[in-house]
Amino acid sequence: LTASLRASVLTLAVWALQLVLRRRISARARYALWLPVLIVLLSPAWPQSRWSLDRLFVTPSVQIIEMPLLSEMDTTTAISASATHSPKITAPAREPLNWPQIRFGAWISVSAALLLFSVFSFLRTLRRFRRQRMPLSEKWAAHIAQTARELGLRHPPQVWCSSAVTSPAVTGLLRPILLLPAHFDEQFTAAGAQLILQHELTHLKRHDLPLNAVLCVLMALHWFNPLLWLAFMKVRADREAACDAQVLADAPPQRRSEYGHA
């Protein structure tokens, strides 16, 4: 809860900063502004020190133990001694509900359900793509491998061309996969297709897939915070804009126009 509260405050600060600066900062800078929010969410417990921020807002709790007076101790002893001669049957004390454990169980159950549902949906969609795969021409396979090498990727991704894919995308974590719709080479011009491939492969170069997996886990852990769900949507939008900016770095106007149409 503390990490979620800190991240919410930072989210509002990032939104305000982006609103004030607007076009004065680049798309990659807007995307980088979300890094402190990610760090806070990944560090729910901060190290304690004299200069910790928690000490400025949280007062240390002090446990007070009251000791009975001597007169009270004598009275209590006498009552307990007399009680031993006339025992009474008492009902067992009813234990109160452990609300912290109940809240923890509800939170972790919803988080686990969201993660399981996400993994199941991902595997189901990937299986549907695999079933409707189509052969990729050797020309395009070689062209994609060449584009990956030009972007500095050590290992080109797997390429799946499927009729179930509606838009080019990259997926996977340990073994990235480039997803292309059927007849990709016929839907776009050669220049437009090249720019789309550069966009998707740039996601791999920027390591956006592992970061996206981390965001999915954090969304499941903070399912109770609608502000962070909106923040994660904004992070994805800024990520796409940052990827576009990297592809179009130092690009002439003609290439920008082709990229926009594609």
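A brief report on the enclosed structure follows.

About the cut-offs
Residue numbers run consecutively from 1 along every chain, following the written order of its sequence. Reporting in this predicted model follows two pLDDT cut-offs: at least 70 for local features of residues, and 80 or more for side-chain atom pairs to be given and counted; totals over whole chains, interfaces and linings ignore these cut-offs and use all residues. Derived side-chain values reflect all non-hydrogen atoms in the structure, with water molecules and hydrogen atoms excluded from consideration. In this description a helix means any DSSP run of H or I spanning at least four residues, a strand means any run of E spanning at least two, and both kinds are numbered starting from the N terminus. Per-residue accessibility, obtained with a 1.4 Å probe over protein chains only, is compared with the maximum for each type, and a residue is labelled buried under 20%, exposed over 50%, and partly exposed between these values. Should any heavy atoms of two residues lie within 4.5 Å, those residues are counted as being in contact. Residue exposure ignores everything except the shown protein chains as possible cover, and the areas themselves are Shrake-Rupley values with a 1.4 Å probe. A pair of strands is treated as paired once DSSP finds two or more bridges between them. Salt bridges are identified by distance alone: a Lys or Arg side-chain nitrogen within 4 Å of an Asp or Glu carboxyl oxygen. To define axes, lines are fitted to C-alpha atoms, for helices over the stretch in contact only, and angles between the resulting N-to-C directions are given on a 0 to 180 degree scale. Each angle gets one of four labels, with under 35 degrees taken as roughly parallel, over 145 as roughly antiparallel, 65 to 115 as roughly perpendicular, and the rest as oblique. Crossings are assigned a handedness: left-handed for a near helix turned anticlockwise from the far helix by less than a right angle, right-handed for a clockwise turn. Residue polarity follows a fixed list, in which Ala, Val, Leu, Ile, Met, Phe, Trp, Tyr, Cys and Pro are nonpolar, Asp, Glu, Lys and Arg are charged, and the others, Gly among them, are polar. Within this scheme a cavity is a closed region of a 1 Å grid, computed over the protein atoms alone, that accommodates a 1.4 Å probe without allowing it to escape, whereas a pocket is open but has protein on both sides within 12 Å along at least five of seven lines; lining residues each have an atom within 4 Å of a point. Grid points are joined across faces, edges and corners, and a volume is the space filled by probe spheres set on the points. Patch building starts from residues that exceed 30% relative accessible area and form no salt bridge, then joins like charges within 9 Å and nonpolar side chains (Val, Leu, Ile, Met, Phe, Trp, Tyr) within 5 Å. We score Asp and Glu as negative and Lys and Arg as positive, and we do not count His or the chain ends. Charged groups are reduced to one reference atom each: NZ for lysine, CZ for arginine, CG for aspartic acid, CD for glutamic acid. One fewer than the residue count of a helix, multiplied by 1.5 Å, yields its expected span.

### Section: the overall build of the chain
If you tally the helices and strands in the chain, you get twelve helices and four strands. Put simply, the chain has 262 residues, and 31% of those count as buried. A separation of at least 24 residues holds for 67% of the contacts in the chain among residues at least 6 apart in sequence. Counting only carbon and sulfur atoms, one obtains 64% of the accessible surface of the chain, whose full area is about 18500 Å².

### As for unusual backbone geometry
Residue His183 is not a glycine yet carries a positive backbone phi of 60°. Counting through the fold element by element, His183 comes out in the loop between β4 (177-181) and α8 (184-187). For His207, which is not a glycine, the phi torsion comes out positive at approximately 60°. Inspection of the secondary structure assignment puts His207 in the loop between α9 (190-205) and α10 (208-221). Overall, the relative accessible area of 58% leaves His207 in the exposed class.

### Quick look at the sheet that holds β4
Here four strands make up an open sheet; going across it, the order is β1-β2-β4-β3 and the pairing mixed. Edge positions in the sheet fall to β1 (133-134) and β3 (169-171), since each of these pairs with one other strand and no more. Sheet topology places strand β2 (residues 158-162) next to β4; five bridges connect them, and they run parallel. By the bridge assignment for β4, Cys161 is matched with Leu180.

### A closer look at the pattern of salt bridges
Throughout the structure, instances matching the rule amount to two salt bridges. The salt bridge involving Asp208 is made with Arg206; its shortest N-O contact spans 3.5 Å. The class for Asp208 is buried, based on a relative accessible area of 4%.

### So, the packing of helix α3 (residues 35-42) against α10
A pair of packed helices is captured by two measures, namely the crossing angle of their axes and the spacing between those axes. Across the interface, α3 lies against α10 with an axial gap of 11 Å and an inter-helix angle of 55°. With respect to their mutual orientation, α3 and α10 come out oblique. For the crossing formed where α3 meets α10, the hand is left-handed. Side by side, α3 and α10 meet where Leu38, Leu41 and Leu42 of the first sit next to Leu211, Val214, Leu215 and Leu218 of the second. A class-by-class count of the residues in the contact of α3 with α10 yields seven nonpolar, no polar and no charged.

### With respect to the layout of surface pockets
The gaps left among the atoms become clear once a water-sized probe is rolled over them. Space inside the largest pocket adds up to approximately 960 Å³. Every residue lining the largest pocket is counted, 30 residues in all, and those nearest its centre are Phe122, Thr171, Asn212, Ala213 and Cys216. The set of elements that each furnish at least two residues to the lining of the largest pocket consists of α6 (99-131), β3, α10 and α11 (226-247). Element by element, the count of residues in the lining of the largest pocket is highest for α6, at ten residues. Tallied by class, residues from the lining of the largest pocket come to 18 nonpolar, seven polar and five charged.

### Structural notes on the environment of Leu174
Mapped onto the fold, Leu174 is located in the loop between β3 and β4. Residues Leu174 and Pro210, 36 residues apart in the sequence, show an inter-C-alpha distance of 8.8 Å.

### Description of a positive patch on the surface
On the surface, Arg124, Arg127, Arg128, Arg130, Arg131 and Arg133 cluster together to form a positively charged patch. At five residues, α6 tops the list of elements feeding residues into the positive patch. Among the secondary structure elements, Arg124 is positioned in helix α6.

### As for a nonpolar patch on the surface
Together, Leu97, Trp99 and Ile102 make up a nonpolar patch on the protein surface, roughly 330 Å² of accessible area in all. Of note, Leu97 is situated in the loop between α5 (70-85) and α6. Judged by its relative accessible area of 58%, Leu97 falls in the exposed class.

### So, the packing of α10 against α11
Running from amino to carboxyl end, α10 crosses α11 at an angle of 170°, the nearest separation of the two axes being 11 Å. The angle between α10 and α11 falls in the class roughly antiparallel. On α11, the residues touching Asp208, Asn212, Leu215, Cys216, Leu218 and Met219 of α10 are Trp229, Phe232, Val235, Arg236 and Arg239.

### Side note on helix α1 (residues 2-21)
The terminal C-alpha atoms of α1, which comprises 20 residues, lie 29 Å apart, in line with the 28 Å expected from a rise of 1.5 Å per residue. Within α1 the residues assigned to the buried category are Ala3, Ser4, Arg6, Ala7, Ser8, Thr11, Val14 and Gln18. Just past α1, the residue Arg22 takes up positive phi, approximately 50°.

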